[in-house]
Amino acid sequence: MVLKTIDILKNEIPIEEESVIITEDVKAGLVLVDIINGFCTVGAGNLAPREPNRQICEMIDESTRLARLFCDKKWPILAFLDSHPPHKLEHPYPSHCITGTDESNLVPALRWLEKEQNVTIRRKDCYDGYIGSFKEDGSNVFVDWVKNNKIQTLLVVGVCTDICVLDFVCSTLSARNRGFLDPLEEVVVYSHGCATFDFPASMARNTKDISPHPQELMHHVGLYMAKERGAKIAREVSFNSLKKP
């Protein structure tokens, strides 16, 4: 049997994924990272997929499912939307998700969230949602959201697994460890609720300034690095109501 590169990687740096059950007695919050047209809708921009992508479609479906469950329970949701002023580009990536364009809006499957009262939307102009939550007065939208909702367990989904999701998770875990996010205890990254982009080496050779980015490999690496920082990686997420005595 000939092993593929992804199989070798998974053997060398395996990830222990868990079945995570969120119960009614735990204050849980859901964070959606950049599930927007510019990263997820075919043909929507420079960094959008060029054709339908299985991993991205699964991420949207699972994120939508979780968002509906959280809204049914009136539990807090925070949606980060990548949104850049025209003069603020992110090297090495080309212009993307410019403020005021449809690229920086939620994908059609999630646009209904804009009308839900339990949903906070934060437009950010950098990879890291934690850093992108700072306002001019020094306050932080994400920190306030965690504290005001007394969130103990944070469930994270979105794109890209190894970039914006990972950066946000790493900053959040560091802040939790320093005591800046009490009462936050756990950060859970749902693997099927995350995705990254596919840019094989054959395409990268003909594109200036952008490195190869094989989707499956980088998705695995992103999850592995999040776990190494202290996040739980969930292969499935379910909810369980407390039984009355």
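Preceding this paragraph is the structure being described.
Here we summarise the structure given alongside this text. Everything numeric here is computed off the predicted structure, so don't read it as measured data.

Describing the pairing of strand E5 (residues 153-159)
Okay, step 1: A large share of E5 lies buried, amounting to seven of its seven residues.
Okay, step 2: Pairing analysis gives six bridges linking strand E2 (residues 28-33) to E5, with the strands arranged parallel. Paired with Leu30 across the two strands is Leu155, which belongs to E5.
Okay, step 3: Looking at chain direction, E5 and strand E6 (residues 186-195) are connected through six bridges and run parallel. From the neighbouring strand, Leu154 faces E6, where its bridge partner is Val187.

Re empty space enclosed by the protein
Okay, step 1: Enumeration over the complete set of coordinates arrives at one cavity of 30 Å³ or more.
Okay, step 2: Approximately 130 Å³ is the volume found for the largest cavity.
Okay, step 3: As for the largest cavity, its lining consists of Phe39, Leu47, Asp82, Glu90, Tyr93, His96, Tyr127, Cys160, Ile163, Cys164 and Phe197.
Okay, step 4: In terms of residue class, the lining of the largest cavity is made up of eight nonpolar, one polar and two charged.

Focus: the packing of aromatic side chains
Okay, step 1: Considering all chains together, one arrives at 10 aromatic pairs under this definition.
Okay, step 2: Ring geometry for Phe70 against Trp75: centres 5.3 Å apart, planes inclined by 80°, an arrangement best described as edge-to-face. For the pair formed by Phe70 and Trp75, the shared burial category is buried.
Okay, step 3: Look at Trp75 and Phe239: their rings are 5.9 Å apart centre to centre, the planes differ by 50°, and that puts the pair in the tilted class. Taken as a pair, Trp75 in the loop between helix H3 (54-72) and strand E3 (77-82) and Phe239 in strand E7 (residues 232-240) lie far apart in primary sequence, 164 residues in all.
Okay, step 4: Overall, the relative accessible area of 21% leaves Phe239 in the partly exposed class.
Okay, step 5: Here a set of aromatic residues connected by ring pairs shows up, and it is made of Phe80, Tyr130, Phe134, Phe142, Trp145 and Phe168.
Okay, step 6: One Lys or Arg, Arg68, reaches over the ring of Trp112 and ends 4.2 Å from the middle of that ring.
Okay, step 7: For Lys73, the ring lying beneath its charged end belongs to Trp75, and the centroid distance is 5.2 Å.

Conventions used here
- Residues numbered from 1 in each chain as written.
- Predicted model: local features only at pLDDT ≥ 70, side-chain atom pairs only at ≥ 80, totals over all residues.
- Heavy atoms only, no water.
- Buried < 20%, exposed > 50% of the residue type's maximum accessible area, 1.4 Å probe, protein only.
- Helix = DSSP H or I, 4+ residues; strand = E, 2+ residues; numbered from the N terminus.
- Pairing = 2+ DSSP bridges.
- 1 Å grid on protein atoms, 1.4 Å probe; cavity = no way out; pocket = protein on both sides within 12 Å on 5 of 7 lines; lining within 4 Å.
- Points joined across faces, edges and corners; volume = space filled by probe spheres on them.
- Nonpolar A, V, L, I, M, F, W, Y, C, P; charged D, E, K, R; others polar.
- Phe/Tyr/Trp six-rings, centres within 6.5 Å; stacked < 30°, edge-to-face > 60°.
- Lys NZ or Arg CZ within 6 Å of the ring centre and 35° of its normal.

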